[in-house]
Amino acid sequence: MLIYIIMKTKATCTHVMTFACIGIFASCASPPTETTRVPMSVSLRPDASASTRLFQDVNSYRRSQGESDLQRHPGLDNLAKSHSEYLRKNRGSFSLNGKNVSHIGFEGRALVARERLDMINISENVVAGQSSQHLVQLWKGSKDHHKNLLDNWTHTGIGVVVDSDGMMFATQLFSNENSSQRSTRERFNRF
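Predicted model, so just to flag it, every value in this text is computed and none were measured.

## Regarding the packing of helix 2 (residues 74-89) against helix 3 (residues 106-115)
Packing of helix 2 against helix 3 leaves a shortest axis separation of 10 Å and a crossing angle of 165°. As judged from the angle between their axes, helix 2 and helix 3 are roughly antiparallel. At the point where helix 2 passes helix 3, the crossing takes the right-handed sense. Seen from helix 2, the contacting residues are Leu76, Leu79 and His83; seen from helix 3, they are Arg109, Val112 and Ala113. Classifying every residue of the contact of helix 2 with helix 3 gives four nonpolar, one polar and one charged.

As structure tokens, this is what we get:
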């Protein structure tokens, strides 16, 4: 993604702001006299390659512990990506479970997974760190997150967003497909 940084200069001060309101790097109260556009490559969107690496690292760990691989689910991926973006936008503002992560809105994600994606037994891991291996290590070091990594799940959704400083925000949803007779009949009736 190409984002332009606006550089406004005056003899005593430099302003740097982005269109996406990423942040202010320097500021000054004087009005600017000149505006210059400088292209800058910054990716603040969900990072598909990072989510793929995290997915592979989680499945590799599951196999090493005698568990079966999880299957990616695009609907769960979308829910996870949205939450990871929320974490990035609000980093540093959470008071529970660490300053950069939170499970805020989990009940809503679980409801969407049950009602729209026909999933049951939904759980979630969130984390912020510098690499997919680091993220998995953090989850492994937490009793509840570690349990989620190894539980009897069939499907997962992963969303990773990388901020401008390289901080990765990851959400992983775990679930099982609802295979009840009623659910199966409803799926067939959709066609």
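Having put the structure on the table, let's press on.
## Some remarks on the packing of aromatic side chains
Each pair of aromatic rings is reported with the distance of its centres and the angle of its planes. For the structure on display, the rule yields two aromatic pairs. Plain terms: the ring middles of tyrosine 86 and phenylalanine 94 are 5.9 Å apart, the flat faces sit at 45° to each other, and that makes the pair tilted. With a relative accessible area of 8%, phenylalanine 94 lands in the buried category. Above the ring of phenylalanine 55, the side-chain terminus of arginine 72 is found at 5.2 Å from the ring centroid.

## Examining unusual backbone geometry
The phi torsion at aspartate 118 lies on the positive side, around 60°, for a residue other than glycine. Secondary-structure assignment places aspartate 118 in the loop between helix 3 and strand 5 (119-129). When its relative accessible area of 7% is taken as the criterion, aspartate 118 is described as buried. Located in the positive-phi region is asparagine 121, a residue other than glycine, with phi close to 50°. Mapped onto the secondary structure, asparagine 121 falls in strand 5.

What counts and how
- Residues numbered from 1 in each chain as written.
- Predicted model: local features only at pLDDT ≥ 70, side-chain atom pairs only at ≥ 80, totals over all residues.
- Heavy atoms only, no water.
- Axes fitted to C-alpha atoms, helices over the stretch in contact; angles between N-to-C directions.
- Helix = DSSP H or I, 4+ residues; strand = E, 2+ residues; numbered from the N terminus.
- Parallel < 35°, antiparallel > 145°, perpendicular 65-115°, else oblique.
- Left-handed = near helix turned anticlockwise from the far one by under 90°.
- Contact = heavy atoms within 4.5 Å.
- Nonpolar A, V, L, I, M, F, W, Y, C, P; charged D, E, K, R; others polar.
- Phe/Tyr/Trp six-rings, centres within 6.5 Å; stacked < 30°, edge-to-face > 60°.
- Buried < 20%, exposed > 50% of the residue type's maximum accessible area, 1.4 Å probe, protein only.
- Lys NZ or Arg CZ within 6 Å of the ring centre and 35° of its normal.

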